[in-house]
Amino acid sequence: MLPPSRRDFVSLTVSESGSYTNSKQWRRQSCWRKWKRLSRLQRSLILFTLMLLLVCGIATSPTLIRHWRGENGYDGKQPFVVNLKNEYRSILPELPSEKKDYHRRGPPALQNHLQTKTNVSSLLGVENHGLDLKNADKGSEGGKPINSWRGAVIEEEHASDTDTKDTEIQDDPASIALAESRLEAVREAFRHAWKGYKNFAWGHDELKPISKSYGEWFGLGLTLIDALDTMWILGLKEEFAEARQWVAKELSFDKNVDVNLFESTIRILGGLLSTYHLTGDSLFLEKAKDIGSRLMPAFSTASKIPYSDVNIGKGTAHSPQWTSDSTVAEVTSIQLEFRDLSRLTGDPKYKLAVMEVMKRVHKLNGKQDGLVPMFINTNNGLFTHQGIYTLGARADSYYEYLLKQWIQGNKTEKELLDDYLQAVEGVKKNLLKKSTPSSLTFVGELSHGHFSPKMDHLVCFLPGTLALGAHYGLPADHMELAKQLIETCYQMYAQMETGLSPEIAYFNTHEGSTQDVDVKIADRHNLLRPETVESLFYLYRFTKDKKYQQWGWEILQNFNKYTRVPTGGYTSINNVCDPASPIPRDKMESFFLGETLKYFYLLFSDDPNLISLDKGPTSDVIVSVVFLCL
C-alpha cells in the first residue's frame with residue numbers, strides 16, 4: 001500500500017476583511033515583532049546609543065542653553081558648561097558674600113535679642129552717616145549663613161583652620177570689597193570720634209561728647225597721644241599731621257601735676273614709643289625720653305615696688321592718700337615700655353627698675369597655683385589682701401605682660417615663662433567653670449576658698465593672650481581654651497539687649513538656669529573697652545576663621561547704634577540692658593581711639609603684614625604697637 005502523496009504547497013485562506021493593505025499599523029506591528037526578537041543585550045545597546053545622542057544634542061544646542069538659562073543669563077544655582085567662541089568654559093556659582101542677613105539660633109539665652117532691640121538714634125541723636133547699620137550684612141539674594149548651636153554666626157564658605165579655602169575667599173572680589181568696606185567703616189568711626197575731640201576737647205585729656213566739653217586727668221592731651229599710632233595705622237595722614245604739630249609745639253611735661261604711673265606709662269609713654277617705631281620720627285622718641293625720665297622717681301622706694309603717683313614737675317612720688325598699697329597689675333604692667341626705652345636710649349636704668357619689680361614678685365609668698373593677690377605694699381614689698389584671686393581689675397595685665405615680656409626678650413627669660421605657665425594652670429584648676437544651660441567656659445574669681453562666677457570684661461584679654469602664647473610655641477591646648485573663652489566674651493555682648501557687653505557679668509552654674517549671663521544694676525555700663533576686640537584680632541590672625549571678623553563687625557555696629565554722638569565722638573553708656581534708654585555717661589575714654597578702633601581695623605584687615613606677628617620676637621612694631629595695650 002503506497003503512502004499518502006506529499007503536498008508541496010500550503011493552503012492559505014484570507015478573509016476579505018483581513019486582507020493585506022501595507023498600512024502604517026501593520027508596519028508598527030512588524031517593527032515591534034522585530035524589536036521583541038532582539039536579545040536583551042541588543043536592546044540595551046540601542047537604548048544607550050539613543051540616550052547618548054540625545055544628551056549630546058542637548059549639550060551642543062545654544063538655543064536650548066539660552067532657554068534653560070533664561071533671558072537674564074545664569075541664575076547661579078548650579079554649575080554648567082557653556083560653548084563660548086568654540087571653547088568650553090566652566091561657570092561656577094559665585095562664592096557667597098559675607099554681606100548676609102544673619103539670624104541667631106540656639107538656646108534662647110544665646111540669642112542676640114535683635115528682635116527686642118529698639119533703635120535709640122533719636123535719643124542720642126545718632127546719625128548713620130552712610131552706614132546702614134541694620135542691613136549692613138544683608139546680601140542681595142538674602143543667602144543664609146550657617147549658625148552654630150551657641151548662636152555664633154559662621155559664614156558658609158569660611159575655613160576655620162585651613163589656609164587654602166581662606167586664600168580663595170580673600171581672592172574673591174566680593175570678599176575684598178567687603179573687607180575694604182569694613183576698614184573704611186573703622187576709618188569713618190575714627191574720623192567721627194576725632195571730630196568731636198578736635199572741636200570740643202583739643203589738647204585736653206578726654207572728650208565729653210554729650211556736653212560738648214572736655215575732662216582733664218593729667219592735663220597732657222591724653223587722647224591725642226594715645227591715638228597717634230592708630231591714626232598712622234589707619235592711614236589718616238591729615239589728622240596725624242595736626243596731632244604731630246600739637247605734640248611739637250604744645251606738649252610739655254614740665255608741669256606741677258600728679259600722674260598715675262601705670263596710666264601715664266601705657267597711654268603716654270607707650271603712645272609716643274609706638275608712634276616713633278611706626279614713623280621713625282625722632283620727635284616722638286625725644287618726648288618719650290622726657291616723660292620716661294620724669295616717671296623714674298616712682299621707683300625710689302625701699303621695697304623697689306613703685307609708688308602709684310608721680311609729680312612729673314617736682315620729681316616726687318607717693319602712694320595714694322588713702323593707702324600705701326599699689327595694685328599688682330599697675331606695678332607689673334609697665335615693663336614693656338620701660339624695657340623698650342632702655343633699648344632705644346642705651347640707658348639700662350629704665351629696664352633695671354621694672355625688672356627688679358618682676359624679680360621680687362616672682363619670689364613672693366601668697367600666690368595660689370601661680371595666681372597673685374590684687375595688692376602689694378610699697379613699704380615692705382609684700383602682698384596684701386591675700387586670699388582673693390582674679391583675672392579682672394587690679395590683677396589682669398600682670399598675666400598678660402608675663403607672656404609679652406618673655407616674647408619681647410626673645411624667649412630667654414625663663415622665670416617669666418615659668419610664672420606664666422604656672423598661672424595658666426592655676427586658672428584652669430581654680431577659676432574655670434561652665435555655665436548653664438549652654439556650657440560657656442568662663443573665668444570666675446576665688447575669695448578665701450569661695451568661688452564666685454563673676455567675670456569682668458577686662459578678663460577678655462585672656463583669649464588673645466592664650467592664642468598668642470600658642471602661636472609662639474606654648475601648648476596647643478592653650479589655643480583650644482582661647483577659642484572657648486572668646487566665644488564666651490562674644491556672648492557677653494550678644495546676650496545683652498543692646499549687643500554691648502556690661503563691665504561685669506555673672507554666670508549661672510546651677511541646674512535649671514534658663515539664661516547663662518546675669519548682670520547686676522551697678523555693672524551694666526560699657527566703657528568702650530578694647531579687650532574683646534583685641535582678642536578677636538589675635539584669634540582671627542592665627543586661625544583665619546571669618547566668624548571672628550563677623551563678631552567684631554556686630555560689635556562695631558552696636559557701638560555705632562548706641563554710643564555714637566552726632567556732633568562728634570562716642571560716649572560710654574550706663575545700661576547695656578535697655579536699648580530704649582542706654583543712658584550716655586558723657587565720656588569717651590582715650591583707649592577707644594588708642595586701642596579699640598585700632599584692633600577693629602587690624603581685625604578686619606586680611607593683610608598679615610599689617611602689624612605682622614611673624615617678623616620675629618624682637619620686632620619693634622610688635623613690641624611697640626601690638627603689645628602696648630591695657
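In this text, all values refer to a predicted model and were calculated from it rather than measured experimentally.

1. As for the nonpolar core
So, step 1. Counting 149 residues, the largest nonpolar core has Leu228, Phe299 and Leu391 as its most contacted members.
So, step 2. In terms of residue count, the dominant contributor to this core is helix H18 (residues 476–494) (ten residues).
So, step 3. What Phe299 contacts, discounting residues up to four positions off in sequence, is Leu261, Pro306, Ile334, Phe338, Ala353, Val354 and Val357.

2. Examining the sheet that holds strand S8 (residues 309–311)
So, step 1. Pairing is antiparallel in the open sheet, where three strands are placed in the order S7-S8-S9. Looking at the sheet topology across the chains shown, the edges are occupied by strand S7 (258–260) and strand S9 (316–318). Going from strand to strand, the sheet's axes swing by 30° on average, the running direction of each strand aside.

3. Considerations on the packing of helix H15 (residues 396–408) against helix H17 (residues 462–471)
So, step 1. For the pair H15 and H17, the least separation of the axes is 10 Å and the interaxial angle reads 30°. With respect to their mutual orientation, H15 and H17 come out roughly parallel. In the packing of H15 onto H17, the handedness of the crossing is left-handed. For the pair formed by H15 and H17, the contact residues are Glu400, Leu403, Lys404 and Ile407 on the first element and Thr465, Leu468 and Gly469 on the second.
So, step 2. Split by residue class, the contact of H15 with H17 holds three nonpolar, two polar and two charged.

4. Observations concerning empty space enclosed by the protein
To locate leftover empty space, one rolls a probe as large as a water molecule over the atoms.
So, step 1. By the definition in use, this model includes six cavities of 30 Å³ or more.
So, step 2. Looking at the second largest cavity, its volume works out to about 80 Å³.
So, step 3. Considering the residues around the second largest cavity, the lining is formed by Leu391, Tyr399, Tyr420, Ala423, Val424, Val427, Leu462, Leu466 and Leu481.
So, step 4. Breaking the lining of the second largest cavity down by element, the ones donating at least two residues are helix H16 (414–430) and H17.
So, step 5. The greatest single-element share of the lining of the second largest cavity, amounting to four residues, is contributed by H16.

5. Remarks on the UniProt feature "active site" (unreviewed entry) in the protein
So, step 1. What UniProt calls "active site" (unreviewed entry) maps, in this numbering, to Glu263, Asp396, Glu503 and Glu531. Lining the second largest pocket, from this annotated set, are Glu263, Asp396 and Glu503.
So, step 2. On the secondary structure map, Glu263 appears in helix H10 (residues 261–279).
So, step 3. Judged by relative accessible area, which is 14%, Glu263 ranks as buried.
So, step 4. Once you skip the residues sitting within four places of it in the chain, Glu263 turns out to touch Trp217, Phe218 and Ile268.
So, step 5. Positionally, Glu503 belongs in the loop between H18 and strand S19 (504–507).
So, step 6. Judged by its relative accessible area of 11%, Glu503 is buried.
So, step 7. In this structure, Glu503 is in contact with Asp456, His457, Asp523, His525, Leu527 and Arg529, ignoring residues within four places of it in sequence.

6. A short note on the environment of Leu416
So, step 1. Within the element layout of this structure, Leu416 appears in helix H16.
So, step 2. Overall, Leu416 belongs to the buried group, its relative accessible area being 5%.
So, step 3. Sequence-wise, Leu416 and Met358 are 58 residues apart; in three dimensions their C-alpha atoms are separated by 8.3 Å.
So, step 4. Other than its neighbours up to four places away in sequence, Leu416 contacts Arg339, Met355, Met358, Leu402, Gln405 and Trp406.

7. Section: the layout of surface pockets
So, step 1. There is about 590 Å³ of room inside the second largest pocket.
So, step 2. If you trace the second largest pocket, you find 21 residues lining it, with Phe262, Glu263, Glu330, Leu458 and Arg529 closest to the centre.
So, step 3. For the lining of the second largest pocket, the secondary structure elements donating two or more residues are H10, helix H12 (328–331) and H15.
So, step 4. In terms of residue count, H10 provides more of the lining of the second largest pocket than any other element does, three residues in total.
So, step 5. Taken together, the residues of the lining of the second largest pocket sort by class into eight nonpolar, three polar and ten charged.

The rules behind these values
- Per-chain numbering applies: the sequence of each chain, read as written, is numbered from 1 onward.
- A pLDDT threshold of at least 70 governs which residues receive local features in this predicted model, and a stricter bar of 80 or more applies before side-chain atom pairs are shown or counted, although totals over entire chains, interfaces and linings include all residues.
- No hydrogens and no water enter the side-chain calculation; it runs on all heavy atoms of the structure.
- Here the nonpolar core consists of buried residues drawn from Ala, Val, Leu, Ile, Met, Phe, Trp, Tyr and Cys, with membership extended through side-chain atoms lying within 4.5 Å.
- Burial classes: relative accessible area under 20% of the type maximum marks a residue as buried, over 50% as exposed, and values in between as partly exposed (1.4 Å probe, protein chains only).
- By the criteria applied, helices consist of DSSP H or I runs no shorter than four residues and strands consist of E runs no shorter than two, each listed in order from the N terminus.
- Every residue pair with non-hydrogen atoms within 4.5 Å of one another is taken to be in contact.
- A strand pair is defined by DSSP finding two or more bridges across the two strands.
- Angles here are taken between N-to-C directions and fall from 0 to 180 degrees, while the axes themselves are lines fitted to C-alpha atoms, restricted in helices to the stretch in contact.
- Note on angle classes: values under 35 degrees are labelled roughly parallel, values over 145 roughly antiparallel, values of 65 to 115 roughly perpendicular, and the remainder oblique.
- The hand of a helix crossing depends on one turn: near helix anticlockwise from the far one by less than a right angle means left-handed, and clockwise means right-handed.
- Classes in brief: Ala, Val, Leu, Ile, Met, Phe, Trp, Tyr, Cys and Pro nonpolar; Asp, Glu, Lys and Arg charged; the others, Gly included, polar.
- Buriedness for pockets is judged along seven lines, at least five of which must meet protein on both sides within 12 Å for an open set on the 1 Å grid over protein atoms alone, while cavities are sets there where a 1.4 Å probe fits but cannot get out, and lining residues have an atom within 4 Å of a point.
- Grid points are joined across faces, edges and corners, and a volume is the space filled by probe spheres set on the points.
- UniProt positions are given in the numbering used here, feature names are shortened, and annotations may be inferred rather than shown by experiment.

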